[in-house]
Amino acid sequence: MDWFPFVLSAQVATLATGLNLVAGVALGWALARGRFPGRDLLAALTTVPLVLPPTVLGYYLLVALGRTSPIGQALDALGVPLVFTWRGAVVASAVASFPLMVQSCRAAFEGVDPELEQVARTLGRSELEVFRTITLPLAGRGILAGTVLAFARALGDFGATLMVAGNIPGRTQTLAIAVYDTVQAGNLGLAGVLVAVLTAFSILSLLAIQRLGRRLAA
Amino acid sequence: MLEVEVRHVWAGFRLELSLNISREILVLFGRSGAGKTLTLRAVAGLFRPEAGHIVLGGRVLFDSKAGVNLPPQARRVGYVPQGYALFPHLSVFDNVAYGLRGKPEEVRRQVFELLDLVGLRELADRRPQQLSGGQQQRVALARALAVRPEVLLLDEPLSALDVPTRLELQGLIRDLQRQFGIPTLFVTHNLAEAMFLADRLAVVDRGRLLQVGPPKEVLNRPAQLEAAHLMGVRNIFHGRVSLVSEGGLRVRVGERDLLARPAATPAGLRPGDPVWVCVRAERIALVLPERLHRAADANLVLGEITREADYGLASVLYFRLTGPRLSPNRDYDLEVEVPAYVHERLRLDRVRTWTLAVDPEAVHLIPQAGAV
């Protein structure tokens, strides 16, 4: 059996989740605590990938990042093209799972009583310290929940990844795409094995993260 | 020590008050929504008023004209909000240590010193959720004191506590304030608590300071009608001065004349001036017939109990006067508060008609500003 799709999917989902974690915490915090014009619009925009068909999302990404776009040309010049590479798969699955991360983070930050932060300030701690010692730990559970959801979503992404990264065995063929490929080739037996492994892997990673969360909370 | 002058206006509410606090407990007393909490938050730097200035121990914390507005971090205030705002993910020890800096062993020493002050050394490892309300309040106090603040801001710190815990903590707060000599702003809407804790009492209503002074003085001599209401004066009548003499003032109330000899006569009252006549319900005495001669100096009126309200420790009796009335438009004229044991001793459940003595010194007059 070819293990490549497993390894690739794990790598892609991990990287995508890492990107989402950084961006999601920052944006979630801004949406929860910030008072700026266009906040609602920004919140709506970050949720859109959740309701669009993944192929539509993939189309947008292809147009925005493809060889003919300014961004695509710049990436080409830097020697890191995205389209039809594993990096494209990372970007596609990251964008597809981003709403879950942002929404979880926003809700987590909104759940932190601002009065706790205010008291922390009167006790002489800087904004950064207050964020690190009060806001972040108290929002931790919600952020972790968002991370789990986003990771699972990124791991299972099909449509957007297929549009942006294509289906190149040994290079961009993730597990979800490999399942489709195998079924198309009529090899239902192998598809069943892939599906079973993917399912087991998903459940195990969710369990692991839950346990980690419990340890953090204790 | 602390000088506060704040002005702020927004939809339907106007906050405009100035206060000076030395090494004392100044109680901010008033209804919810009077602007008490907002004033504390302005001092803590958590709310920025439109105009004014706040000076603490010579340091300018806020000055709208000079454009100074120090962040809360730089103000050195000990702020305890309503509900304490303890950090739920930190132990008691870490809550108290939160504002402390320095070597770990030095921080440890200071934290335990503070925990000893509030009597919580044994609970250092607990989480806030594992503590009773009173213990949580003690942690909040220790945490606020840890940063050696120059002013202590306590926002209704005891209002959620049961009575015994409340009394215990009132004592603790007063002891700590005396020990540290720290200027303290204490917000409450509980009159007994205000009276116990206040070195000076500031009555606040709808964003304005009505009166500030020693608690007994504010209690017995409210300067404005609204202050009288807030301080729990139950008998307030519209009256008119009819005579001013050496021995006191004669005031026309309803169909009667009352003699008033207030401890501090409002200056410049002349016959014909309209006044609010205030008599505290606790200061009206029921006179036994054989003791009538001893009360000859007082305003004596005859009345009958029409109804009463039993508050357990005390009762309020609603007296309707025989003959000329004080409030002809109501079914009663005077509210009289008597302790439960007096109610029992005098058999008030059966003996309903009494002579009441209103000491002229207990009749307080508030000039009616603007009215003619």
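In this text the structure is predicted, and so the values were computed from the model without any measurement. (Residues numbered from 1 in each chain as written. Chains lettered and ligands numbered in written order. Predicted model: local features only at pLDDT ≥ 70, side-chain atom pairs only at ≥ 80, totals over all residues. Heavy atoms only, no water.)

**Things to note about the sheet that holds strand S13 (residues 248-253) of chain B**
Residues and elements named next belong to chain B. If you walk across this open sheet you meet the 5 strands as S14-S13-S12-S15-S21, and the pairing is antiparallel. Strands at the two margins of the open sheet, each flanked by one partner only, are strand S14 (256-260) and strand S21 (363-367). Recorded for the sheet is a direction-independent mean angle of 40° between the axes of neighbouring strands. Alignment of strand S12 (residues 235-245) against strand S15 (residues 274-279), held across 6 bridges, turns out to be antiparallel. Paired with Asn235 across the two strands is Val279, which belongs to S15. (Pairing = 2+ DSSP bridges. Helix = DSSP H or I, 4+ residues; strand = E, 2+ residues; numbered from the N terminus. Axes fitted to C-alpha atoms, helices over the stretch in contact; angles between N-to-C directions.)

**Some points on the interface of chain A and chain B**
Between chain A and chain B, the residue contacts involve 19 residues of the former and 20 residues of the latter. Here chain A meets chain B over a buried area of about 1,800 Å², counting both sides, of which 60% is carbon and sulfur. For the interface between chain A and chain B, the tally reads 1 salt bridge. Arg101(B) is the salt-bridge partner of Glu129(A), the closest N and O atoms lying 3.7 Å from each other. Listed by contribution, the elements that provide at least two residues to the side of chain A that touches chain B are helix H6 (114-122) and helix H7 (127-155) of chain A. (Contact = heavy atoms within 4.5 Å. Buried area = accessible area lost by both parts, 1.4 Å probe. Salt bridge = Lys/Arg side-chain N within 4 Å of Asp/Glu carboxyl O.)

**Let's talk about the nonpolar core**
All names here are of chain B. With 50 residues, the main nonpolar core has Val27, Val111, Leu115, Phe186, Leu201 and Met231 as its most contacted residues. A per-element tally of this core places helix H4 (residues 133-146) first, with 7 residues. Other than its neighbours up to four places away in sequence, Val111 contacts Phe93, Val96, Ala97 and Leu100. If you look at the next biggest cluster of nonpolar residues, it comprises 41 residues, including Phe13, Leu17, Leu40 and Leu56. (Core = buried A, V, L, I, M, F, W, Y, C linked by side-chain atoms within 4.5 Å. Buried < 20%, exposed > 50% of the residue type's maximum accessible area, 1.4 Å probe, protein only.)

**Some remarks on the pairing of strand S9 (residues 184-188) of chain B**
Residue and element names in this part refer to chain B. Among the 5 residues that make up S9, 5 are buried, leaving the element largely enclosed by the rest of the structure. Covered by surrounding structure in S9 are Thr184, Phe186 and Thr188 together with Leu185 and Val187, the residues of both alternating faces. Pairing of strand S3 (residues 25-29) with S9, which is carried by 5 bridges, proceeds in the parallel orientation. Its bridge partner being in S9, Leu28 is matched across the sheet by Val187. Since strand S8 (residues 151-155) and S9 lie parallel, the crossover through helix H5 (residues 163-180) that links them has a hand, and here it is right-handed. (Right-handed = clockwise from strand over helix to strand, strands pointing away.)

**Observations regarding the domain arrangement of chain B**
Residues and elements named next belong to chain B. Under the domain assignment used here, chain B contains domain 1 (2-222) and domain 2 (233-367). Domain 1 and domain 2 are separated by 39 Å when their C-alpha centres are compared. Listed per partner, the contact involves 5 residues of domain 1 and 7 residues of domain 2. Summed over both sides, the interface between domain 1 and domain 2 buries roughly 510 Å², with carbon and sulfur atoms accounting for 57% of that surface. Three residues stand out in domain 1 for area buried against domain 2, namely Asn220, Arg221 and Pro222, and they jointly supply 80% of the buried area on that side. Counting every contact that joins domain 1 to domain 2 gives 0 salt bridges. Linking domain 1 to domain 2 there are 2 residue pairs in polar contact (both at pLDDT 80 or more). Of the residues in the side of domain 1 that touches domain 2, the class split is 3 nonpolar, 1 polar and 1 charged. (Domains from an automatic or database assignment. Polar contact = N/O pair within 3.5 Å; in protein donor to acceptor, adjacent residues only side chain to side chain. Nonpolar A, V, L, I, M, F, W, Y, C, P; charged D, E, K, R; others polar.)

**A word on the packing of H4(B) against H5(B)**
Residues and elements named next belong to chain B. Relative orientation of the contacting elements H4 and H5 amounts to 15°, with a least axis distance of 11 Å. Between H4 and H5, the angle falls in the class roughly parallel. You can see that H4 and H5 cross each other, and the crossing is right-handed. Contact residues: Gly134, Gln137, Arg138, Leu141 and Leu145 in H4; Thr165, Glu168, Leu169, Leu172, Ile173, Leu176 and Phe180 in H5. (Parallel < 35°, antiparallel > 145°, perpendicular 65-115°, else oblique. Left-handed = near helix turned anticlockwise from the far one by under 90°.)

**Notes on the packing of aromatic side chains**
Residues and elements named next belong to chain A. As enumerated under the stated definition, the model contains 9 aromatic pairs over all chains in all. Note on Phe109 and Phe131: the rings are 5.9 Å apart at their centroids and 35° apart in plane angle, and the pair reads as tilted. Taken together, the residues Phe109 in helix H5 (residues 86-110) and Phe131 in helix H7 connect sequence positions 22 residues apart. Among the aromatic residues, those joined into a ring-pair cluster are Trp29, Phe109 and Phe131. (Phe/Tyr/Trp six-rings, centres within 6.5 Å; stacked < 30°, edge-to-face > 60°.)

**Observations regarding the sheet that holds strand S17 (residues 299-310) of chain B**
Residues and elements named next belong to chain B. Taken together, the 5 strands give an open sheet; going across it, the order is S16-S20-S17-S18-S19, and neighbouring strands pair in antiparallel fashion. Looking at the sheet topology across the chains shown, the edges are occupied by strand S16 (284-287) and strand S19 (334-339). Strand-to-strand, the axes of this sheet are offset by a mean angle of 50°, without reference to chain direction. Alignment of S17 against strand S20 (residues 353-358), held across 6 bridges, turns out to be antiparallel. The residue bridging Leu300 from the neighbouring strand is Ala357, located in S20.

**Overview of a nonpolar patch on the surface**
Taken together, the side chains of Leu41(A), Leu45(A), Val48(A), Leu50(A) and Val51(A) make up a nonpolar region of the molecular surface, amounting to roughly 470 Å² of accessible area. By the element assignment, Leu41(A) lies in helix H2 (residues 39-51). (Patch = residues over 30% accessible without salt bridge, like charges linked within 9 Å, V, L, I, M, F, W, Y side chains within 5 Å. Areas by Shrake-Rupley, 256 points an atom, 1.4 Å probe, with all protein chains shown as cover.)

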